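# Fold and geometry: a report
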Amino acid sequence: MTLLEVKGLRVEFSGREEPVRAVNGVDLEIERGEIVGLVGESGSGKTVTSLSILGLIRQPGRITAGSILLDGTDLRTLGPEQLRAIRGARVSYVPQSPRGALNPLLRIGKQMENILVSHGEGGRQATAELRRRTVEMIEAVGISDPQRALRAYPHELSGGMAQRAVIANAMILRPDLVIADEPTTGLDVTVQAQILDLFSERVREQGAGALLVTHDLGIVANYCTRIAVMYAGRIVETGPARAVFQRPRHPYTVGLLRSVPVLGQPLFSMPGQAPDLRALPSGCAFAARCANVLPECAAVPPPWREVAREAHRFLCHLEDGAPL
Amino acid sequence: MTARQLLRTARRNSELTAGGALILAWVAVALLAPVIAPHDPASTSFAALQAPGSSHLFGTDRLGHDVFSRVLYAPRADLYLAVSGVLLALLVGVLIAVPVGFTRRWWGDVVMRFFDGFQAFPVLIMALALVQALGQGSGTIIAALAILNVPLFVRVVRGQVLSLRERRFVEAAVAAGNPTRRILFRHILPNTTFPILAQATISIAYAIIIVAALSFLSVGIKPPTAEWGQMISDGYQNLTTGQWWIAIFPGLAVVTVVLGFHLVGDGLQRTFAIQRRH
Amino acid sequence: MSVLLEVAGLTKRFPVRGGAVHAVSDVSFTIEEGESLGLVGESGSGKTTTGRCILRLVEPTAGTVRFRGRDITALGRRDLRAARADMQVVFQEPYESLNPRMTVHQIVEEHLLLHRPELSKADRAAQVAELLDKVSLRSEHGRRRPHELSGGQQQRVGIARAIATDPAFLVLDEPTSSLDVSVRAQILELLLGLQRDLGLSYLFISHDLSTIQYSCTRVAVMYLGRIVEVGPTREVFEEPRHPYTRALLSALLRPDVDQSVSRIQLEGEIPSAITLPPGCAFASRCPVAIGACVEAVPELRRVAGDAQRAACLRAEEIPALMATPGPG
């Protein structure tokens, strides 16, 4: 059975004026053993999508439609207590800032033990058992002196070490699904690569599935098996990372890839900016910025198109996507 | 911030709306007192100690004043003194605090320690001492209120300046080639208006109480000027003999106007906190 | 071409309890008219402090900064303010760098007000309109306040104000880092276009190697306050001579599924900038360090071509010792 199946997800944030339609019908699947890269710019809905899966949408936000099936169980039908039991144990979260994710007043080791205890593990038998599991986990995230790290307070760790500790926290209950939101933003490039190596290694080793939310196409190309590109609250292109990077089809994906400076290639500068989520056009939300726009694009919603034999789909009026 | 922004925030914040309405109502009463008051507030030509009724809405006091008229006239003294004293303190406080907050040199700390020491005295004792030293009169009360409040404004504004001077847009102003004075008054000061306004409203609320308290202790405004503290002082002895209206009505007036300023102060602080989070 | 900016022996120490943070140590480089020099490094490398010292937004502890031959570090307050018309800066966080209480028009106009006092109000308004047009903002944007603009538009305002007084030199401090990918390209193109049209020189500070590679003719790599390698961008990126440059390049994740680079793993932590080691600061993490590395700070010396210099004892052997990084 598919590990995670999101169908027709819609999320709105109501304000005083028109509601902000942050997510407008997202379908997303994640299988065990794969890392799906969810790519988009600010306001694309990638973070809101991931928070929806975790059941963390708060007022004034609201899921207005869709289902979120984890091994066939719709998380939207569960009560707060059942959700709490699932979060951490079956679905875990690696947020953007490790500083915010760690309790500044507790030693790293204590925080990891608390996670185990709060999900009913350890119990009476086993301070020693808890200790053994935290040491094992902290070693698994590549920290060479586990005893010292477990005794440390978060502020005593470097940014890279703190993010390793966060990953250890997220993986210690052997979750089925890990959601990581920009896990290396703010880290140095040399550290970023180490953290992502470690993250993907952990996910594969534990047979979990992962959603890696990022704006960085370089990260997706190097660490993800599949990619989903979001624009204005919708996924506009999805498929195996290899297929999408080799022949992107949606004009937005093409533009995004060419916006990354590469020596010897002209830099493509996408005109305009993302649309107002309170007043989306009836047709394609990207039409106003699109280099390959057709007469019908602005008014008629674009259809999904399949690239033969590749599980590669894109949402566009152009039959073969944007020319390269 | 602009007046339009303030109005928009007020609509979203019930504390601001309620407090603002109370203050505006009292300001209107003060301005329109000659029109709406049924009698001359200084006139003593009525029978003394009449209970509230159709001829005297709030009754009359021992000397035969119409209490209602005096309650309506009093904000002309109370609000005027409190607001003037606090505005003076605001002006002086800002002029001291902005350079003190911006400098990274030793004298900034020295000035702050001075005001810290100043604030250690109990407020009312200090006010009494100042009135004793300067002589009774409305000028003295304003000066005393200003002296009491300057340290509060210095503290609030300096705190703001300390954090603003590390902001990137201030560094940008330096990089632009702005002289220091322009950085202080064009770039830093306009960004402190919210907390200054909040402090001013809270200070005015306290100042009204101090004005009334000084009169109550017979060192404030001299009769026959209508003033709430004076009226409470006159009437409180009659509470035990059953003529409650002489002290209670001015007392209620003080409570509502002080409440108004407090509500606005809290409302401003809350909006500022929300704004800062964005 | 002639030298516009000459930085020599630039040093900045921030005093802290029990010592000092060595933020920048003995940094020297030159920038020619119309040239952009990229300054790359990770957090704590001192690249941002270097830019700030050059503009004297931070007072350098030692060293000189000569702009058209005149030593900026020796200027008095009044002369320094006047000199700022020629050397400007674009900051990383566009929103943070704009006064929230001023309109876009006021923000751009201020630079004219300060440095062109002879202009009338109408002349200034005309110039502001022209500047907004140069950065592709419409004149109605002038009436808005920073929070009413998108991140890209805010950065355009930051650029418009930086070029308002026709400066010759700009420090670009991570000008695109906090922007969305598609907007980054717009801003980068704008900066490169302005450089061509106005003959500007840039010190382009960035942690993003691709951006530097795309936009700079020369690059300097900093590690823990020192320049460890400097040279023409193409040569440095194709055949780095310092192990740290190599590690940095190998960690660069390109949007390319066929990227096959054996990543150079750096062990250990970055040394404290308060107690710097006596020798090469990178030695503690360097995969090819030898005994001599920890004895003295290696000097920045010429190793290849005319202009590529590296501060490594083994610079000549590096290409043979370490795996080739990805294609340039």
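In this convention, every chain numbers its residues from 1, walking through the sequence in written order. For naming, the first written chain is A and the first written ligand is 1, with later ones following in the order written. Local features in this predicted model are restricted to residues whose pLDDT is 70 or higher, and side-chain atom pairs enter the listing and the counts only when it is 80 or higher, whereas totals over whole chains, interfaces and linings include all residues.

### Topic: the overall build of chain A
Within chain A, the secondary structure is distributed over 11 helices and 12 strands. C-alpha extents for chain A along the principal axes are approximately 70 × 50 × 40 Å. Considering only intrachain contacts with a sequence separation of at least 6, the fraction spanning at least 24 residues in chain A is 66%. Note on conventions: DSSP H or I runs of at least 4 residues are helices, E runs of at least 2 residues are strands, and numbering of each starts at the N terminus. Contacts here follow a simple rule: the backbone-placed C-beta atoms of the two residues must lie within 7 Å.

### Remarks on the overall build of chain B
Broken down by element type, chain B carries 11 helices and 0 strands. From first element to last, N terminus to C terminus, chain B shows the α and β order α-α-α-α-α-α-α-α-α-α-α. Projected onto the principal axes, the alpha-carbon positions of chain B cover approximately 75 × 45 × 30 Å. Labels follow a simple rule on C-beta atoms placed from the backbone: if 20 or more others lie within 10 Å of a residue's own, it is buried; if 12 or fewer, it is exposed; otherwise it is partly exposed. The burial tally for chain B puts 42% of its 278 residues in the buried class. The contacts of chain B with a sequence gap of at least 6 include a subset with a gap of at least 24, amounting to 70%.

### Concerning helix 9 (residues 243–250) of chain C
Of all 8 residues in helix 9 of chain C, 8 are buried, a share of seventy percent or more. Turning to helix 9 of chain C, its buried residues number three or more, namely Pro243, Tyr244, Thr245, Arg246, Ala247, Leu248, Leu249 and Ser250 of chain C. In this structure, the buried residues of helix 9 of chain C make contact with helix 8 (189–205) of chain A together with helix 7 (209–215), strand 9 (218–223), strand 10 (226–232), helix 8 (233–238) and helix 10 (318–321) of chain C.

### A few points about the packing of helix 3 (residues 67–102) of chain B against helix 9 (residues 193–216) of chain B
Residue and element names in this part refer to chain B. Axis lines are fitted through C-alpha atoms, for helices just across the contact stretch, and the angle between N-to-C directions can take any value from 0 to 180 degrees. Helix 9 packs onto helix 3 with a crossing angle of 135° between their chain directions and a minimal axis gap of 8 Å. The pairing of helix 3 with helix 9 is recorded here as oblique in orientation. You can see that helix 3 and helix 9 cross each other, and the crossing is right-handed. Across the interface between the two elements, Asp78, Leu81, Ala82, Val83, Gly85, Val86, Ala89 and Leu90 of helix 3 pack against Ile196, Ala200, Ser203, Ile204, Ala207, Ile208, Val211 and Ala212 of helix 9. Looking at side-chain class alone, the contact of helix 3 with helix 9 contains 13 nonpolar, 2 polar and 1 charged residues. Should an angle fall under 35 degrees it is taken as roughly parallel, and over 145 as roughly antiparallel, whereas 65 to 115 is taken as roughly perpendicular and any remaining angle as oblique. In a left-handed crossing the near helix is turned counterclockwise from the far helix by less than a right angle, and in a right-handed crossing that turn is clockwise. In this count, Pro and Cys sit with the nonpolar residues alongside Ala, Val, Leu, Ile, Met, Phe, Trp and Tyr, while Asp, Glu, Lys and Arg are called charged and the others, Gly among them, polar.

### Observations regarding the interface of chain C and chain A
Where the parts come together, the accessible area they lose is often given as the size of the interface. Each partner contributes residues to the interface: chain C has 32 residues there, and chain A has 31 residues. Breaking the side of chain C that touches chain A down by element, the ones donating at least two residues are helix 6 (181–198), helix 7 and helix 9 of chain C. When residues of the side of chain C that touches chain A are assigned to their parent elements, the largest contribution, 8 residues, is made by helix 6 of chain C. Residue classes in the side of chain C that touches chain A are distributed as 13 nonpolar, 11 polar and 8 charged.

### Side note on the interface of chain C and chain B
At the interface, 19 residues of chain C touch 14 residues of chain B. Mapped by element, the contributors of at least two residues to the side of chain C that touches chain B are strand 6 (87–90) and helix 3 (104–115) of chain C. At 4 residues, the largest contribution of residues to the side of chain C that touches chain B is made by helix 3 of chain C.

### Focus on the sheet that holds strand 10 of chain C
Hydrogen bonds between backbone atoms are what pair the strands of a sheet, whose relative direction is either parallel or antiparallel. Residue and element names in this part refer to chain C. For two strands to count as paired, DSSP must find a minimum of two bridges between them. Spatial ordering of the open sheet is given by 6-7-8-3-9-10-12-11, a layout of 8 strands whose pairing is mixed. Edge positions in the sheet fall to strand 6 and strand 11 (301–304), since each has one partner strand and no second. Sheet twist, expressed as the average angle between the axes of neighbouring strands with direction ignored, equals 25°. The pairing of strand 11 with strand 12 (residues 308–310) spans 3 bridges and is classified as antiparallel. Bridged to arginine 302 within strand 12 is arginine 309. Along the sheet, helix 9 contacts strand 9 and strand 10; its crossing angle with strand 9, the most-contacted strand, is approximately 100°.

### As for the pairing of strand 12 (residues 312–315) of chain A
Residues and elements named next belong to chain A. Of the two faces of strand 12, the one holding His312 and Phe314 and the one holding Arg313 and Leu315 are both buried throughout. Looking at chain direction, strand 10 (residues 234–240) and strand 12 are connected through 2 bridges and run antiparallel. Looking across to strand 12, one finds that threonine 238 is bridged to arginine 313. The pairing of strand 11 (residues 304–307) with strand 12 spans 4 bridges and is antiparallel. When the sheet's bridge partners are listed, arginine 305 is paired in strand 12 with phenylalanine 314. Between strand 11 and strand 12, which pair antiparallel in sequence order, lie 4 residues; one of them, arginine 309, sits at a positive phi of approximately 60°.

### Quick look at the domain arrangement of chain A
Residue and element names in this part refer to chain A. Domain parsing of chain A yields domain 1 (4–90 + 175–315) and domain 2 (100–174). Computed over C-alpha atoms, the centres of domain 1 and domain 2 are 30 Å apart. For the side of domain 1 that touches domain 2, the leading source of residues is helix 8, giving 6 residues. By residue class, the composition of the side of domain 1 that touches domain 2 is 9 nonpolar, 4 polar and 1 charged. For every domain, the bounds stem from an assignment made automatically or drawn from a database.

### Quick word on the environment of alanine 127 of chain B
Residues and elements named next belong to chain B. Residue position: alanine 127 is located in helix 5 (residues 123–134). With 16 residues separating them along the chain, alanine 127 and alanine 143 place their C-alpha atoms 9.6 Å apart. Setting aside residues up to four positions removed in sequence, alanine 127 forms contacts with Ala144, Leu148, Ile210 and Leu214.

### Considering the environment of arginine 66 of chain C
All names here are of chain C. Within the element layout of this structure, arginine 66 appears in strand 4 (residues 62–67). Residue arginine 66 is classed as partly exposed on the basis of its 17 C-beta neighbours within 10 Å. Between the C-alpha atom of arginine 66 and that of glutamate 238, which follows or precedes it by 172 residues, the distance is 31 Å. With sequence-adjacent residues up to four places away left out, arginine 66 is seen in contact with Glu6 and Asp71.

### Comments concerning the nonpolar core
Grouped together as the largest cluster of nonpolar side chains are 261 residues, with contacts concentrated most on Leu212 of chain A, Leu145, Phe153 and Ile208 of chain B together with Ala160, Leu203 and Val221 of chain C. Contacts of alanine 160 of chain C, omitting those with residues within four sequence positions, involve Val108, Leu131, Leu132, Lys134, Val135 and Leu137 of chain C. In this usage, the nonpolar core is the set of buried Ala, Val, Leu, Ile, Met, Phe, Trp, Tyr and Cys residues whose C-beta atoms join them within 7 Å.

### Examining the environment of glycine 279 of chain C
Residue and element names in this part refer to chain C. Along the chain, glycine 279 falls in the loop between helix 9 and strand 11. Exposure remark for glycine 279: the 18 C-beta atoms within 10 Å place this residue in the partly exposed category. For the pair formed by glycine 279 and valine 297, sequence separation is 18 residues and the distance between their alpha carbons is 4.4 Å. Contacts of glycine 279, omitting those with residues within four sequence positions, involve Cys293, Val294, Glu295, Ala296 and Val297.

### Some thoughts on the pairing of strand 7 (residues 177–181) of chain A
All names here are of chain A. Counted residue by residue, strand 7 has 5 buried out of 5 residues, so it is predominantly covered. Pairing between strand 6 (residues 91–94) and strand 7: 4 bridges, direction parallel. What sits directly across from valine 91, in strand 7, is leucine 177. Sheet analysis places strand 7 next to strand 8 (residues 209–214), joined by 5 bridges and oriented parallel. For leucine 177, the partnering residue across the bridge sits in strand 8 and is glycine 209. By convention, orient the strands away from the viewer: a clockwise path from the first strand over the helix to the second makes the crossover right-handed. As a crossover connection, the stretch from strand 7 through helix 8 into strand 8 is right-handed.

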